[in-house]
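Residue strings, one per chain:
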Amino acid sequence: MTRLPKEPRAWAALGMAYVQQGRTTADPATYARAEKALRTSLSVQAEDNTDAEIAMGALAAARHDFPSALDWALKATGDGPYSAAAHGVLADAYTQLGRYDEAEAAVQRMTDLRPDATSLARASYVLELKGDTGRARDLMRRSLTAAATAGESAFARGVLSALALQDGDAPAALAEAQNGLRAAPGDPALLEARARAHEALGHTAEAVAGYRAAIAIAPLPHYLLALGELEQSLGHRDQAEAQYALLRAQERIREATGTSADTDAILFEADHGSPRQAVILAEETLRSRPFLAVHDAYAWALHQAGRDTEALEQADRALALGTRSALYHYHRAAIHQALGDPGAARHDLTRALLQPGFHPLHAAAARTLLQRIDASP
């Protein structure tokens with residue numbers, strides 16, 4: 001880059017490359033390098049620099065600063081109204097801010113401009129959030145067919161695996177992940193997808209090995225939490241605690257950077273730390289990210305803290321679009337039961353257990369609770 005100090009598009013491309021790398025590694029230093037490159041691009045060309053604006057929006061989203069992501073996306077779509085990528089960043093920001101109708105409109109605009117793998121993937125996600133996993137799967141298969149890069153293909157395979165798990169089809173989930181890994185053997189998201197499928201099938205040794213392989217490449221919080229809770233379910237306390245210690249260290253780094261907590265940190269604190277602290281984290285995050293997953297994490301934190309009336313309101317918001325998340329349904333079931341409504345709890349437990357191995361700890365608790373409800377006079 002030293003040979004091109006005044007080339008804004010080159011600096012923007014470098015910044016976006018760092019953003020993409022940071023999403024895989026979760027390394028704050030990578031995001032700092034991304035911002036430096038993008039600020040350089042904008043210093044060279046402050047106006048009509050759509051590439052840098054798109055990348056700045058993507059960077060803000062990666063840091064979970066969705067209000068800033070929206071600001072950059074609106075600037076990018078204003079300067080580049082025919083840029084599909086700009087509308088994609090806009091859709092992502094609207095989604096995480098809980099503005100789902102506007103997100104869907106942005107995705108439609110993106111697809112109209114360029115019906116490629118990335119726009120089809122976002123359209124699939126719109127349907128997934130609404131619980132329409134069949135149509136979401138159809139669009140993701142179209143995204144896979146349209147994939148122009150190995151990364152796009154790997155992403156599509158990972159989503160197809162996750163959608164199969166949502167439908168309770170663990171063998172199909174495993175097949176999708178394995179197909180993806182044949183083309184991209186070191187992709188951490190696919191390694192994690194295969195681990196989750198093995199876990200759902202009861203192949204615990206393979207699941208542990210898969211999570212460890214993913215973590216060796218990218219120690220992302222949700223990988224660490226998944227492995228820790230699986231190890232805990234197997235009675236491996238020392239191995240579980242090793243993962244939890246890494247999560248606590250990552251949380252200290254997050255606090256030092258001043259970024260909002262992700263849902264993994266909130267759920268970890270609710271289940272393995274202080275529910276009161278989990279509530280505080282969730283309330284802080286919800287102010288800048290009123291997304292379904294945050295409402296669910298907040299609901300669970302409130303339940304664990306004994307505040308079930310407030311928890312039910314948040315759980316209802318998490319499921320308001322019809323999302324087919326087994327974990328969300330289990331969380332609401334436990335809240336309904338705590339509030340003395342076993343009928344509503346039974347309904348949510350039945351939905352959750354359509355995916356029998358949805359969680360290494362909570363799936364067993366869901367089965368036990370349903371048996372107790374059914375045995376009650």
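So, how was this worked out
Residues numbered from 1 in each chain as written. Predicted model: local features only at pLDDT ≥ 70, side-chain atom pairs only at ≥ 80, totals over all residues. Heavy atoms only, no water. Axes fitted to C-alpha atoms, helices over the stretch in contact; angles between N-to-C directions. Helix = DSSP H or I, 4+ residues; strand = E, 2+ residues; numbered from the N terminus. Left-handed = near helix turned anticlockwise from the far one by under 90°. Contact = heavy atoms within 4.5 Å. Nonpolar A, V, L, I, M, F, W, Y, C, P; charged D, E, K, R; others polar. Phe/Tyr/Trp six-rings, centres within 6.5 Å; stacked < 30°, edge-to-face > 60°. Buried < 20%, exposed > 50% of the residue type's maximum accessible area, 1.4 Å probe, protein only. Salt bridge = Lys/Arg side-chain N within 4 Å of Asp/Glu carboxyl O.

1. Points about the packing of helix α17 (residues 292–304) against helix α19 (residues 326–338)
Part 1 of the reasoning: At their nearest, the axes of α17 and α19 sit 10 Å apart, and the two run at 35 degrees to each other. When the axes of α17 and α19 are compared, the crossing they make is left-handed. Residue-level contacts link Leu292, Ala293, Asp296, Ala299, Trp300 and His303 of α17 to Leu327, Tyr328, Tyr330, His331, Ala334, Ile335 and Ala338 of α19.
Part 2 of the reasoning: By residue class, the composition of the contact of α17 with α19 is 10 nonpolar, two polar and one charged.

2. Section: the packing of aromatic side chains
Part 1 of the reasoning: The final tally for this structure, using the stated rule, is four aromatic pairs.
Part 2 of the reasoning: Note on Tyr100 and Phe291: the rings are 6.5 Å apart at their centroids and 50 degrees apart in plane angle, and the pair reads as tilted. Separated by 191 residues along the polypeptide, Tyr100 in helix α6 (residues 100–113) and Phe291 in the loop between α16 (275–288) and α17 bring together distant segments of the chain. In this pair, the class of Tyr100 matches that of Phe291, namely buried.
Part 3 of the reasoning: When the centroid spacing of 6.0 Å and the interplanar angle of 45 degrees are considered together, the rings of Tyr330 and Phe358 count as tilted. Here Phe358 lies in the loop between α20 (342–352) and α21 (362–375) and Tyr330 lies in helix α19, a separation of 28 residues in the sequence.
Part 4 of the reasoning: The class of Phe358 is buried, set by a relative accessible area of 11%.
Part 5 of the reasoning: Of the aromatic side chains, those joined through ring pairs into one cluster are Trp300, Tyr330 and Phe358.

3. Looking at the pattern of salt bridges
Close approach of charged atoms allows side chains with opposite charge to pair.
Part 1 of the reasoning: The full count for this structure, using the stated rule, is 22 salt bridges.
Part 2 of the reasoning: When the shortest N-O distance is used, the salt bridge between Arg307 and Glu310 registers 2.8 Å.
Part 3 of the reasoning: Here the residues in one salt-bridge network are Glu35, Arg39 and Arg63, joined through shared partners.

Spatial relationships are all this shows, so hold off on functional conclusions.
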